[in-house]
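Report on the structure
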Amino acid sequence: MKKILVLFSYLLHPIFIPLFGSLFYLYGADNYLETLPKFLLLSQIILVTIFIPFTILYFLKAMGKVDSIMVSEASQRKIPMLVQIFLMALLLSKSVSLTVLPELFFFYLGGILSALLAYVFLFLKIKISIHTLGISSLTIFVIALSIHDNTNLISSVALLILCNGLVASSRMVMNAHTTKELLLGFAIGIFPQLALLRFWL
């Protein structure tokens, strides 16, 4: 059971959350993008939010700046988090347009705000759970999409709620976080998304 729970820390790693949110938006909700623009957008998202960060993490690990993809030490998280915030902001400015993709724009903006809050907590020597931050923000986004488009995403929402519990359990089994850090992750993931709903829901 422990090995299965640990698997969720990798499958639902926060680096994949922007892609998961984009997939829900592009294929699970109503939008007017054609197949080719969807493919091009997803390609950019994978490049900017997954491939480049993984490459940078690899080099940081090779240089001894981080211990693993999970970046377990708070002191090691500052550079990867700054890089991720910058890349997300770059994606917003170049690819995810407020006028064309407002729902996705505010989802990413909420992710940036959450990451900034988690970054500030690093200076207080509090290692927020980025895993619970990511999965909780995705859950709020999918719930909001379901309401916004009047689309039945009940199964997806139920699965995501289950994933919230599995991710938290996984992080506890791995002794990666305290209960306080997990709860702070949930809160910091949820509240920016809720605060931005008024602009698009």
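The structure displayed is predicted, hence computed values, not measured ones. (Residues numbered from 1 in each chain as written. Predicted model: local features only at pLDDT ≥ 70, side-chain atom pairs only at ≥ 80, totals over all residues. Heavy atoms only, no water.)

**Observations concerning unusual backbone geometry**
One non-glycine residue, K125, lies in the positive phi region at around 60°. Structurally, the position occupied by K125 is in the loop between helix 5 (102-122) and helix 6 (130-148). Residue classification places K125 among the exposed positions, given a relative accessible area of 74%. Unlike most non-glycine residues, N175 shows phi in positive territory, near 55°. The residue N175 is located in the loop between helix 7 (154-173) and helix 8 (179-196) in this model. (Helix = DSSP H or I, 4+ residues; strand = E, 2+ residues; numbered from the N terminus. Buried < 20%, exposed > 50% of the residue type's maximum accessible area, 1.4 Å probe, protein only.)

**Re helix 6**
With 19 residues, helix 6 should cover 27 Å at 1.5 Å per step; its first-to-last C-alpha distance of 27 Å lies within 8% of that length. Within helix 6, 15 of the 19 residues are buried, which leaves the element mostly enclosed by the surrounding structure. Directly after helix 6, the chain includes N150, whose backbone phi takes a positive value near 50°. (Expected span 1.5 Å × (residues − 1).)

**Quick look at the nonpolar core**
The nonpolar side chains of a soluble globular protein tend to be buried, and buried together. V96, L104, Y108 and I135 are the most contacted members of the largest nonpolar core, which totals 43 residues. Counting only elements with at least two residues in this core, the list comes to helix 1 (2-11), helix 2 (17-28), helix 3 (35-62), helix 4 (78-94), helix 5, helix 6, helix 7 and helix 8. Sort the elements by how many residues they give to this core and helix 5 lands first, with seven residues. Discounting residues that sit within four places of it in the chain, V96 has contacts with L41, L91, L101, L104, F105 and Y108. Counting eight residues, the second-largest nonpolar core is a separate cluster that includes A118, L122, I126 and L133. (Core = buried A, V, L, I, M, F, W, Y, C linked by side-chain atoms within 4.5 Å. Contact = heavy atoms within 4.5 Å.)

**Structural notes on the environment of L33**
Counting through the fold element by element, L33 comes out in the loop between helix 2 and helix 3. When the C-alpha atoms of L33 and V100 are compared, they prove to be 9.2 Å apart, with 67 residues separating the residues in sequence. Filtering out sequence-adjacent residues up to four positions away, L33 remains in contact with L26, K38, L41 and L101.

**Quick look at the side chain of S146**
Tracing the chain through its elements places S146 in helix 6. For S146, a relative accessible area of 15% gives the class buried. Setting aside chain neighbours within four positions, we find S146 in contact with T151 and L153.

**Focus: the packing of aromatic side chains**
Within the structure shown, the criterion is met by nine aromatic pairs. With a centroid separation of 6.2 Å and 40° between ring planes, the pair formed by F16 and F20 is classed as tilted. What makes F20 partly exposed here is its relative accessible area of 24%. With centroids separated by 5.2 Å and ring planes inclined at 80°, the aromatic side chains of Y119 and F123 adopt a geometry described as edge-to-face. What links up through ring pairs into an aromatic cluster is the set F107, Y108, F141 and W200. Across the ring face of F199, the terminal group of R198 is positioned such that the distance to the ring centre comes to 4.9 Å. (Phe/Tyr/Trp six-rings, centres within 6.5 Å; stacked < 30°, edge-to-face > 60°. Lys NZ or Arg CZ within 6 Å of the ring centre and 35° of its normal.)

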